[in-house]
Amino acid sequence: MKQILITGGAGFIGSHLCARLLKEGHNVVCLDNFFTGSKKNILPLISNPFFELVRHDVTYPYYTDIDEIYNLACPASPIHYQYDAIQTVKTSVMGAINILGLAKRTGAKVLQASTSEVYGDPVVHPQTESYWGNVNPIGIRSCYDEGKRVVETLFMDYYRQNQARIKIIRIFNTYGPNMMPNDGRVVSNFIMQALNNEDITIYGDGSQTRSFQYVDDLVEGMIRMMATGDDFTGPVNIGNPNEFTIRQLGELVVKLTGSRSKICYLPLPNDDPKQRKPDISLAQNKLNWNPTIQLDEGLQRTIDYFKSISY
Ligand code: NAD
Ligand code: UDP
Ligand code: UDP
């Protein structure tokens, strides 16, 4: 039985990870400041005696004894990370320094939830881990993208300088139950709009692409990455390589919900990446991992979840 810390544990992905690790028989400490996370996400876990909830902001030091750390604390939706861009950088960077300090002191393994955003608006397609990316350092997405990039640097420097036991995964667009209905990301927006028979808001002409991963597949990849030996640090892409245009996603959501919604077109936000698709050969080889839940099935499960909370 391990003592496992999950920062950002009350968020969308964190809540699934907490549940899975508890199910595997570990002690789970969920640390969160509830900026975008919610107690509702972890309500089913609260009565479990092996689950601990800590209200704390990762930009401040945190001391405990721990075996493994999953560092997820950071708002992930563009609306939320742009709401207080400076705080987003602080959360990423100061949070990572504190968590790495904790890992160094305790000898714990520490996994960073990095992102496909480190590739920016990629000119290499699909994206392999060896691609250095095409990121605007001064734009509206930079607080998130550059924050995550410097955290990867910090993780590698704690590994080289302090022999910290680090792991980096680059997560591609992930969706599923416990996403906030109003957090502005495309899957939750489209499902809520479809369920309410409101216009489906496509930004730009909808030809930009994303590759959508169901949250259970991601959690499996995270756990497999954590279990690798200390000589393997990553970064490793974790995502579903099936690529869809945003227009295709809108049409699929309308079909699956049986909605009367029409598609409408709004301006494309600045620096919106035109394409994104992971090359997952490294995860396949090193983790023996593959995504198993495809978009139709994952969307159906997510639609059922949103129905259960909105009616
Ligand atoms: P989320 O917003 O639902 O979860 C983030 C959690 O971090 C929330 O519970 C929030 O309250 C908490 N948090 C924010 N600032 C904090 C602080 N200063 N101290 C403590 N807690 C803080 O987002 P998510 O989709 O669950 O993403 C989790 C992680 O995965 C993030 O680091 C994100 O960058 C990364 N990621 C997510 C995706 C995706 O598609 N969902 C893709 C790539 C990377
Ligand atoms: N830190 C922490 N918990 C710990 C150990 C360290 O929050 O258990 C913080 C500490 O406050 C410091 C940061 O992590 O600001 C980095 O720690 P490190 O030991 O790498 O650097 P130093 O303390 O030498 O600046
Ligand atoms: N998007 C959209 N309509 C929405 C929300 C998002 O067309 O209501 C687009 C957005 O411009 C982007 C894609 O969908 O091209 C994915 O957006 P999201 O914010 O979910 O993730 P990210 O851009 O970080 O991949």
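Data block above holds the structure.
Let us look at the structure shown here. Values in this document were obtained by computation on a predicted structure and should not be read as measured data.

**What to know about the overall build of the chain**
Thought 1: When helices and strands are counted, the chain shows 10 helices and 13 strands.
Thought 2: If you line up the chain on its principal axes, its C-alpha atoms span 55 × 45 × 40 Å.
Thought 3: For the chain, with 311 residues in total, the buried portion stands at 55%.
Thought 4: In the chain, 81% of the contacts between residues at least 6 apart in sequence involve partners at least 24 apart.
Thought 5: Measuring between centres, the 30 positive side-chain charges of the chain sit 2 Å from its 32 negative side-chain charges.

**So, helix H6 (residues 186-195)**
Thought 1: Burial of H6 is extensive: nine of the 10 residues sit out of reach of the surface.
Thought 2: Of all the positions in H6, only Val187, Ser188, Asn189, Phe190, Ile191, Met192, Gln193, Ala194 and Leu195 are classed as buried.
Thought 3: One or two residues past the end of H6 sits asparagine 197, with phi positive at roughly 55°.

**Looking at the site of ligand 1**
Thought 1: In the vicinity of ligand 1 lie 29 residues, with Ile13, Asp32, Thr36, Tyr144 and Lys148 positioned nearest.
Thought 2: Separating an oxygen atom of ligand 1 from a backbone N or O atom of phenylalanine 12 is a distance of 2.9 Å.
Thought 3: In this structure, a nitrogen atom belonging to ligand 1 sits 3.0 Å away from a side-chain N or O atom of aspartate 57.
Thought 4: Its free accessible area being 820 Å², ligand 1 has 96% of it covered by the protein chains.
Thought 5: Among the elements of the structure, helix H1 (12-23), strand S5 (109-115) and helix H5 (142-162) are those that each provide at least two residues to the shell around ligand 1.
Thought 6: No other element matches the three residues that S5 contributes to the shell around ligand 1.
Thought 7: Its residues assigned to classes, the shell around ligand 1 shows 14 nonpolar, 11 polar and four charged.

**Some thoughts on the pairing of strand S4 (residues 68-71)**
Thought 1: In S4, alternate side chains face the same way, and those of Glu68 and Tyr70 on one face and Ile69 and Asn71 on the other are all buried.
Thought 2: The pairing of strand S1 (residues 3-7) with S4 spans four bridges and is parallel. Residue pairing for S4: leucine 5 is matched across the bridge by isoleucine 69.
Thought 3: Strand direction decides the pairing type here: S4 and S5, joined by four bridges, are parallel. Its bridge partner being in S5, tyrosine 70 is matched across the sheet by leucine 111.

**Section: the site of ligand 2**
Thought 1: Surrounding ligand 2, one finds Pro61, Tyr62, Tyr63, Ile97, Asn98, Gly101, Leu102, Lys104, Arg105 and Tyr158.
Thought 2: In this structure, isoleucine 97 approaches ligand 2 through a main-chain N or O atom, which is 3.4 Å from an oxygen atom.
Thought 3: One of the side-chain N or O atoms of lysine 104 is found 3.1 Å from an oxygen atom in ligand 2.
Thought 4: Here ligand 2 has 520 Å² of accessible area as a free molecule, and 64% of this is covered by the chains.
Thought 5: A per-element tally of the shell around ligand 2 places helix H4 (residues 85-106) first, with six residues.
Thought 6: A breakdown of the residues in the shell around ligand 2 according to their chemical character gives six nonpolar, two polar and two charged.

**Quick notes on the sheet that holds S1**
Thought 1: Taken in spatial order, the seven strands make up an open sheet running S3-S2-S1-S4-S5-S6-S11, and their pairing is parallel. This sheet does not close on itself; its edge strands, each paired only once, are strand S3 (51-55) and strand S11 (236-238). Each strand axis lies, on average, 20° off the axis of its neighbour in the sheet, ignoring direction.
Thought 2: Seen against the sheet, H1 touches S1, strand S2 (27-32), S3 and S4 and runs at an angle of roughly 170° to S1.
Thought 3: Here helix H7 (residues 215-226) sits on the sheet and contacts S4, S5, strand S6 (165-171) and S11; the angle it forms with S6, its principal contact strand, is near 155°.

**Notes on the pattern of salt bridges**
Side chains carrying opposite charge are able to pair once their charged atoms draw close together.
Thought 1: As enumerated under the stated definition, the model contains 16 salt bridges in all.
Thought 2: Of the charged contacts in the structure, one is a salt bridge between arginine 210 and aspartate 272, with a shortest N-O distance of 3.2 Å. One end of the pair, arginine 210, is in strand S9 (residues 209-211); the other, aspartate 272, is in the loop between strand S13 (263-266) and helix H9 (281-287), and 62 residues separate them in sequence.
Thought 3: By relative accessible area, which is 7% here, arginine 210 ends up buried.
Thought 4: A single salt-bridge network, built from bridges that share partners, covers Glu117, Arg141, Arg210, Asp272 and Arg276.

**Side note on a nonpolar patch on the surface**
Thought 1: A grouping of Leu43, Ile46 and Leu53 is seen on the molecular surface, where their side chains present a nonpolar patch of about 260 Å² in accessible area.
Thought 2: Tracing the chain through its elements places leucine 43 in the loop between helix H2 (39-42) and S3.
Thought 3: Taking the relative accessible area as the measure of exposure, leucine 43 reaches 56% and is therefore exposed.

**Some points on the packing of aromatic side chains**
Thought 1: Applying the stated rule across the entire model yields six aromatic pairs.
Thought 2: Plain terms: the ring middles of tyrosine 119 and tyrosine 131 are 6.0 Å apart, the flat faces sit at 15° to each other, and that makes the pair stacked. Of this pair, tyrosine 119 sits in the loop between S5 and H5 while tyrosine 131 sits in the loop between S5 and H5; the two residues are 12 residues apart in sequence, bridging distant segments of the chain. With respect to burial, tyrosine 119 and tyrosine 131 carry one shared label: buried.
Thought 3: A connected cluster of aromatic rings, assembled from ring pairs, spans Tyr119, Tyr131 and Phe172.
Thought 4: It is lysine 39 that lies over the ring of phenylalanine 34; its NZ or CZ is 5.6 Å from the centre.

What counts as what
Positions within a chain are numbered from 1, following the residues in the order the chain's sequence is written. Each chain gets a letter, beginning with A, and each ligand a number, beginning with 1, in the order they are written. Per-residue local features are limited, in this predicted model, to residues with pLDDT of at least 70; the limit for side-chain atom pairs, both in listing and counting, is 80 or more; totals at the level of whole chains, interfaces and linings are taken over all residues. Excluding hydrogens and water, the side-chain figures rest on all heavy atoms present in the structure. Secondary structure follows DSSP: runs of H or I at least 4 residues long count as helices, runs of E at least 2 residues long count as strands, and numbering of each begins at the N terminus. Buried residues are those whose accessible area, probed at 1.4 Å on protein chains only, stays under 20% of the maximum for their type, while exposed residues exceed 50% and partly exposed ones sit between those limits. Only heavy atoms matter for contacts: two residues are in contact if any of them lie within 4.5 Å across the pair. For the charge count, each Lys or Arg is scored as positive and each Asp or Glu as negative, with His and the chain ends excluded. To locate a charge, take atom NZ for lysine, CZ for arginine, CG for aspartate or CD for glutamate. One heavy atom within 4 Å of a molecule or strand makes the whole residue count as near it. Here a polar contact means two N or O atoms within 3.5 Å. Within protein one must be a hydrogen donor candidate and the other an acceptor candidate, and residues neighboring in sequence count only if both atoms are side-chain atoms. Computed with a 1.4 Å probe, the accessible areas rest on the Shrake-Rupley method; for each residue, only the protein chains presented here act as cover. Ten residues, namely Ala, Val, Leu, Ile, Met, Phe, Trp, Tyr, Cys and Pro, are considered nonpolar, four, namely Asp, Glu, Lys and Arg, are considered charged, and the remaining ones, Gly among them, are considered polar. In this analysis, strands are considered paired if DSSP registers two or more bridges between them. With axes taken as lines fitted to C-alpha atoms, and helix axes fitted only over the stretch in contact, angles between N-to-C directions fall between 0 and 180 degrees. Salt-bridge detection follows one rule: a side-chain nitrogen of Lys or Arg within 4 Å of a carboxyl oxygen of Asp or Glu. Residues forming no salt bridge and having over 30% relative accessible area are the ones grouped into patches, like charges within 9 Å of each other and nonpolar side chains (Val, Leu, Ile, Met, Phe, Trp, Tyr) within 5 Å. Centres within 6.5 Å are what make two rings of Phe, Tyr or Trp a pair, Trp counting through its six-membered ring; a difference in plane orientation under 30 degrees is then read as stacked, over 60 as edge-to-face, and the rest as tilted. Only when the NZ of Lys or the CZ of Arg is both within 6 Å of the ring centre and within 35 degrees of the ring normal is a charge said to sit over the ring.

Remember, this is a structural readout, not a statement about activity or role.
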